[in-house]
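# Report on the structure
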Amino acid sequence: MTDRLRRVGRRLAVAGRRVFRVARWESARASGGVDRRTLAAGVALLLVAGGVVGVGVATGVAGLDVDQNVYRVGVDAESPYAEAIEEAPSLRPVPAGTASLGDSADAVVVTVVRPGAGDDGAIDGADVEEVVVRASDTRKGEAAAASVREAVESHNERLMRAEPNRTAAFPVVVTLRYVGRTTGKAAVRFGSDDAGSVADGSASGEDGGFAVPSIGGAAFGADTVGSPGSITPPFPFTSLLLAFVFLVPMNFLIQAYGSSILDERTNRRGEPLLVTPLSPAEIVAGKTLPYAAAAAVVTTLIALLVGGGPLSVVAVAPVAATFLGATFVGAMFARSFKELTFVTVGVSVLLTTYAFVPAIFTNVTPVALVSPLTLVVFDLQGEAVSAGEVLFSTAPMAVGAALLFGLGLGVYREEDMFSQKPVTRKFLDALAVRLSPVPADAGLLTRDRLRALARVAFLTACTIPFVFVAELLAVAVLFALPVTVSIPVLLVTIAFIEEVAKSVGLYAGFERGVFARTAETDGEGALGVALAVGAASGTGFFLAEKATAVVQAVGLTDLFLGRAAFADVAGLSGLPPLALAALFLAPLVLHVATTGVASLGASRGRTAYALALTLATLGHAAYNVGVVSLG
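Here is a short report on the structure shown in this document. Computed from a prediction, not measured in an experiment: that's the story for all the values here.

## Side note on the overall build of the chain
Counting its regular elements, the chain contains 22 helices and 8 strands. Restricting the contact set of the chain to residue pairs at least 6 apart, pairs at least 24 apart contribute 66%. Taken as a whole, the chain presents about 32,000 Å² of accessible surface, with 64% of it coming from carbon and sulfur.

Okay, structure coming up:
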């Protein structure tokens, strides 16, 4: 046992030295692509731009207000509205005497003297002064008048807050407090500052917590304490900002990484590496290591700048790995830099959407945790996050990244790297290389047949992280739609995603000749192979699918849309044991049956596969409808 551990240790040490050797070579090659003058000019430009902006902000010349002095408002210095208008960033006061409505002013504040009236309507001689805001008859004038009203209300609010007698200033005070991220409840407290009686209430349900908590005061969120009119719902600005801050560097890294991989293919510079004792995994690991290290350094610096901790770095790590993994696959499949650009843009849009959309619903924790960036928001707010939540948020992308690299390694060989095969053919090659022929005339339980079917089941099981990510993204995208619309669309989408995942590997096997389409022996043998690989694929998917039960740990099935997407793991504790056993095995029967149909279509050609896939999707969707109705 000791000798075996030593041999394993020596092998790992040798592999590590090889990986670091390739990493040093890749780092030197990548850094040599930019000459020192260009690098120095870029650094100087950044320093100058940062200095100009910093001096501007420090002196007040520049700022972050994008609505500075948008509307011109004519107002006299003696007007009671003058101070409110001067304090509003979007309003620029001009003298009312020289202001021309529509030309030099968008709105004018004037004082109108109206004759007073007694109780009986007769004129009593006492004049009444009224302050009126007149706006130009344009959309900008209407917006200017609305901004004046908001400025006056804000000014009055500040005056009342400065009033020593808070009870007189605010007879009614509302305090809004969000509690329990997984419960989706918002507690509302009504009362006054010194009153003894307080009424508490809560609003629960799936729509109870759409807001993202603020980490930067009112600038990033909403007021939660004050008069009823001053409380506004929070806006998820923080989540959007964090998504862009952490994701923008990834787009530059994948451009450089993908270009390096494709350059080795198009210029055949990677050919010498293939004849070395290094394995393809060691070569790819070494070439990826510098870019992964750069992503880790950049992520750490961003986390430090925004006040994050280790959780932020851990949360972004699988996102960076998935960016690199998807780019590696794209660079291995692309035939030119034009195709690579299309791939990298597609990767950027898809992964940014995956990280961006769920993070909007930070208070709706089960949906928000679909995105690892939600963990960053919680880290910045100092909220406790359980290990289950971290696993739920990061594991799908981490495993998906590893599988993407494995998919790309399937074509990291001379016959695929330096050929001009279409992307679809290389994708099928990458899948087919993981399969083994299934003997058509062998016995049902022979060792070779079981080994080949096990490879089919394992390949299908490896699609579960991608299926899970796609389904989570579907739930997040459809979450805000009405249930009457989102549920039918979701059920069909889920069925299609799963049927493609179960059958695309089988189609690759038939298309590349790993499985016999027309039996070289007889027709019955080919039919048996198609049904056998379909059953193996469905069984592998069923066994791996049970891992999605982790969704219950974070409460995703508490949402109706989550129950629709993951109905087979939703709680049905009230049913008898026999019914529970039947429901547990029902998905197995479904997957074996629908995948068998798709496998039969794949064994007969592309058109037959498309028709069989459509039929399997419809049957799967009908099953989903039944399960949702039962649940």
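## Some thoughts on the packing of helix α17 (residues 464–478) against helix α18 (residues 483–511)
At a minimum axis distance of 10 Å, the contact between α17 and α18 shows a crossing angle of 165 degrees. The orientation of α17 relative to α18 falls into the category roughly antiparallel. The two elements α17 and α18 cross, and the hand of that crossing is right-handed. Residues V467, A470, E471, A474, V475 and L478 of α17 form the contact with α18, whose participating residues are S486, V489, L490, T493, I494, I497, E498 and A501. Of the residues that constitute the contact of α17 with α18, the class distribution is 10 nonpolar, 2 polar and 2 charged.

## What to know about empty space enclosed by the protein
Overall, the coordinates contain 2 cavities of 30 Å³ or more when judged by the stated rule. As a volume, the second largest cavity reaches approximately 40 Å³. Forming the boundary of the second largest cavity are L431, L459, T460, T463, A501, V504 and G505. Ranked by the residues each element gives to the lining of the second largest cavity, the list is headed by α18, at 3 residues. Partitioned by chemical class, the residues of the lining of the second largest cavity number 4 nonpolar, 3 polar and no charged.

## Details of helix α4 (residues 139–161)
Along its 23 residues, α4 runs 33 Å from first to last C-alpha, staying within 8% of the 33 Å computed at 1.5 Å per residue. Taken as a whole, α4 has its buried residues at G141, A144, A145, S147, V148, A151, V152, H155 and E157.

## A short note on the packing of helix α9 (residues 310–333) against helix α10 (residues 337–356)
Each pair of packed helices can be summarised by the angle the axes make with each other and by the distance between the axes. Where α9 meets α10, the closest approach of the two axes is 9 Å, and the angle between their N-to-C directions is 155 degrees. Classified by the angle their axes make, α9 and α10 are roughly antiparallel. Crossing handedness for the pair α9 and α10: right-handed. Within the contact between the two elements, α9 uses T322, F323, A326, T327, G330, A331 and F333 and α10 uses E339, L340, V343, T344, V347, S348, L351 and T352.

## Observations regarding the pattern of salt bridges
One pass over the full model with this rule turns up 9 salt bridges. The partner of E87 in a salt bridge is R158, and the shortest N-O contact between them spans 2.4 Å. Here E87 is found in helix α3 (residues 82–87), whereas its partner R158 is found in helix α4, with 71 residues between them in sequence. The closest approach of N and O atoms between K287 and E264, which form a salt bridge, is 2.7 Å. One end of the pair, K287, is in helix α8 (residues 280–305); the other, E264, is in helix α6 (residues 237–266), with 23 residues separating them in the sequence.

## Observations concerning the packing of aromatic side chains
Using the criterion set out here, one finds 6 aromatic pairs in the structure. On the basis of an interplanar angle of 35 degrees and a centroid distance of 6.5 Å, the ring pair of F328 and Y412 is categorised as tilted. Taken together, the positions of F328 in helix α9 and Y412 in the loop between α13 (387–409) and α14 (414–417) put the pair 84 residues apart, joining distant regions of the chain. Residue classification places F328 among the buried positions, given a relative accessible area of 0%. With relative accessibility at 4%, the residue Y412 sits in the buried group. Here the aromatic rings of F510 and F515 are separated by 5.4 Å at their centres, their planes lie at 70 degrees, and the arrangement is edge-to-face. The residues F510 and F515 share a single accessibility class, namely buried.

## Focus: the nonpolar core
Within the largest apolar cluster, 80 residues are counted, with the highest numbers of intra-cluster contacts made by Y257, F323, F328, M332, F515 and V533. In contact with V533, not counting residues within four places along its chain, are V438, L453, V456, L506, F510, F515 and S599. Listed in part, the 14 residues of the second largest apolar core include I85, A88, L91 and A151.

## Comments concerning the pairing of strand β2 (residues 91–94)
One ladder, built from 4 bridges, connects strand β1 (residues 71–74) with β2; its direction is parallel. Its bridge partner being in β2, G74 is matched across the sheet by V94.

## Observations concerning the side chain of R265
Of note, R265 is situated in helix α6. For R265, which is buried and forms no salt bridge, the nearest opposite charge comes from E339, at a distance of 7.3 Å. Within the local environment of R265, its side chain forms a polar contact with the backbone oxygen of A334, the two atoms lying 2.6 Å apart.

## Observations regarding the layout of surface pockets
There is about 1,500 Å³ of room inside the largest pocket. Around the largest pocket, the lining comprises 42 residues; the ones closest to its centre are V329, L404, L407, F427 and F466. Where the lining of the largest pocket is concerned, the elements lending two or more residues are α9, α10, α13, α15 (423–432), α16 (447–461), α17 and α18. Ranked by the residues each element gives to the lining of the largest pocket, the list is headed by α13, at 9 residues. Of the residues contributing to the lining of the largest pocket, the split by class is 33 nonpolar, 6 polar and 3 charged.

## Some details on the environment of P280
Structurally, P280 is set in helix α8. In this structure, P280 is in contact with L409 and Y412, ignoring residues within four places of it in sequence.

## Quick notes on a positive patch on the surface
A cluster of basic residues, R4, R6, R7, R10 and R11, forms a positive patch on the protein surface. Its place among the elements puts R7 in helix α1 (residues 2–31). For R7, a relative accessible area of 39% puts it in the partly exposed group.

## Things to note about the environment of E87
What makes E87 partly exposed here is its relative accessible area of 37%. Excluding anything up to four places from it in sequence, E87 contacts H155 and R158. Here R158 takes part through its side chain, which lies 2.4 Å from a polar atom of the side chain of E87.

## Comments concerning the side chain of E264
Judged by relative accessible area, which is 2%, E264 ranks as buried. Engagement of the side chain of E264 in a polar contact is seen with the side chain of K287, the distance being 2.7 Å. In contact with E264, not counting residues within four places along its chain, are W25, E26, R29, R269, G270, L273, K287, Y412 and F418.

## Observations concerning α10
The end-to-end C-alpha distance of α10 is 27 Å, a good match for the 28 Å that 20 residues give at a rise of 1.5 Å each. Regarding α10, the residues found buried are L340, T344, V347, S348, L351, T352, Y354 and A355. Down the axis of α10, the buried side of the element spans an arc of 155 degrees, and every buried residue falls inside it. Exposed residues on α10 whose side chains face more than 90 degrees from its buried face are K338, F342, V349 and L350.

Reading the values: the criteria
- Residues numbered from 1 in each chain as written.
- Predicted model: local features only at pLDDT ≥ 70, side-chain atom pairs only at ≥ 80, totals over all residues.
- Heavy atoms only, no water.
- Helix = DSSP H or I, 4+ residues; strand = E, 2+ residues; numbered from the N terminus.
- Contact = heavy atoms within 4.5 Å.
- Areas by Shrake-Rupley, 256 points an atom, 1.4 Å probe, with all protein chains shown as cover.
- Axes fitted to C-alpha atoms, helices over the stretch in contact; angles between N-to-C directions.
- Parallel < 35°, antiparallel > 145°, perpendicular 65-115°, else oblique.
- Left-handed = near helix turned anticlockwise from the far one by under 90°.
- Nonpolar A, V, L, I, M, F, W, Y, C, P; charged D, E, K, R; others polar.
- 1 Å grid on protein atoms, 1.4 Å probe; cavity = no way out; pocket = protein on both sides within 12 Å on 5 of 7 lines; lining within 4 Å.
- Points joined across faces, edges and corners; volume = space filled by probe spheres on them.
- Expected span 1.5 Å × (residues − 1).
- Buried < 20%, exposed > 50% of the residue type's maximum accessible area, 1.4 Å probe, protein only.
- Salt bridge = Lys/Arg side-chain N within 4 Å of Asp/Glu carboxyl O.
- Phe/Tyr/Trp six-rings, centres within 6.5 Å; stacked < 30°, edge-to-face > 60°.
- Core = buried A, V, L, I, M, F, W, Y, C linked by side-chain atoms within 4.5 Å.
- Pairing = 2+ DSSP bridges.
- Lys, Arg positive; Asp, Glu negative; His and termini not counted.
- Polar contact = N/O pair within 3.5 Å; in protein donor to acceptor, adjacent residues only side chain to side chain.
- Patch = residues over 30% accessible without salt bridge, like charges linked within 9 Å, V, L, I, M, F, W, Y side chains within 5 Å.
- Charge placed at Lys NZ, Arg CZ, Asp CG, Glu CD.
- Arc of directions from axis to C-beta.

These figures capture arrangement, not role.
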